[in-house]
Amino acid sequence: MKTPLDPVIHADARLRIMTALNAIGEGDSVTFPKLRSILDITAGNLSVHLRKLEDAGYITQEKTIQGRTTATYLGITPRGRTAFLEYRGTLLALLDE
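Residues numbered from 1 in each chain as written. Predicted model: local features only at pLDDT ≥ 70, side-chain atom pairs only at ≥ 80, totals over all residues. Heavy atoms only, no water.

1. As for the overall build of the chain
Part 1: When helices and strands are counted, the chain shows 5 helices and 3 strands.
Part 2: In sequence order, the chain lays out its α and β elements as α-α-β-α-α-β-β-α.
Part 3: Across its three principal axes, the chain shows a C-alpha extent of roughly 55 × 25 × 20 Å.
Part 4: In the chain, which comprises 97 residues, the proportion classed as buried is 35%.
Part 5: Intrachain contacts of the chain at a sequence separation of at least 6 include 55% that bridge at least 24 residues.
Part 6: Counting every atom, the chain has about 6200 Å² of accessible surface; 54% of that belongs to carbon and sulfur.
Part 7: Averaged over its 12 positive side-chain charges, the chain has a centre that lies 7 Å from the centre of its 11 negative ones. (Helix = DSSP H or I, 4+ residues; strand = E, 2+ residues; numbered from the N terminus. Buried < 20%, exposed > 50% of the residue type's maximum accessible area, 1.4 Å probe, protein only. Contact = heavy atoms within 4.5 Å. Areas by Shrake-Rupley, 256 points an atom, 1.4 Å probe, with all protein chains shown as cover. Lys, Arg positive; Asp, Glu negative; His and termini not counted. Charge placed at Lys NZ, Arg CZ, Asp CG, Glu CD.)

This is the structure we're talking about:
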């Protein structure tokens, strides 16, 4: 039986988020505005998809205070990296058929 594509990652915006976070590496993070800029996505749309990925344990969101403002840092978890690599492998196998 073929492995199904992970529905959490499969949505276009979430796949783009996971691809970007995977590229920056495990243990590293990017700010919310920077990720939003990279993906060219609205803040509201990005927030919704980040919540789904966080609920699945695929990403972390860390809020800190810098001066008088808060900053949100986003990173991929080991579980998220594994899920992304499995998704990528499954997708590549499907494309090779």
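Having seen it, we continue.
2. Quick word on the packing of helix H3 (residues 32–39) against helix H4 (residues 43–55)
Part 1: Put simply, H3 and H4 touch, their axes get as near as 10 Å, and they point 105 degrees apart. Classified by the angle their axes make, H3 and H4 are roughly perpendicular. Counted together, Phe-32, Leu-35, Arg-36 and Leu-39 of H3 and Ala-43, Leu-46, Ser-47 and Leu-50 of H4 form the full contact between these two elements.
Part 2: Grouping the amino acids of the contact of H3 with H4 by side-chain chemistry returns 6 nonpolar, 1 polar and 1 charged. (Axes fitted to C-alpha atoms, helices over the stretch in contact; angles between N-to-C directions. Parallel < 35°, antiparallel > 145°, perpendicular 65-115°, else oblique. Nonpolar A, V, L, I, M, F, W, Y, C, P; charged D, E, K, R; others polar.)

3. Topic: the environment of Asn-45
Part 1: The residue Asn-45 is located in helix H4 in this model.
Part 2: The class for Asn-45 is partly exposed, based on a relative accessible area of 34%.
Part 3: C-alpha separation for the pair Asn-45 and Ser-29, spaced 16 residues apart in sequence, amounts to 19 Å.

4. Some thoughts on the packing of helix H2 (residues 12–24) against H4
Two quantities define a packed helix pair, namely the angle between the helix axes and the distance between the axes.
Part 1: Closest axis-to-axis distance for the H2/H4 pair is 10 Å, and the angle between their directions is 70 degrees. As judged from the angle between their axes, H2 and H4 are roughly perpendicular. Each of Ala-13, Arg-14, Ile-17 and Met-18 in H2 lies in contact with H4, whose residues at this interface are Leu-46, His-49, Leu-50, Lys-52 and Leu-53.
Part 2: Taken together, the residues that form the contact of H2 with H4 break down as 6 nonpolar, 1 polar and 2 charged.

5. Considerations on unusual backbone geometry
Part 1: Phi at Asp-40 takes a positive value of approximately 50 degrees, unusual for a residue other than glycine.
Part 2: Given the relative accessible area of 72%, Asp-40 is considered exposed.

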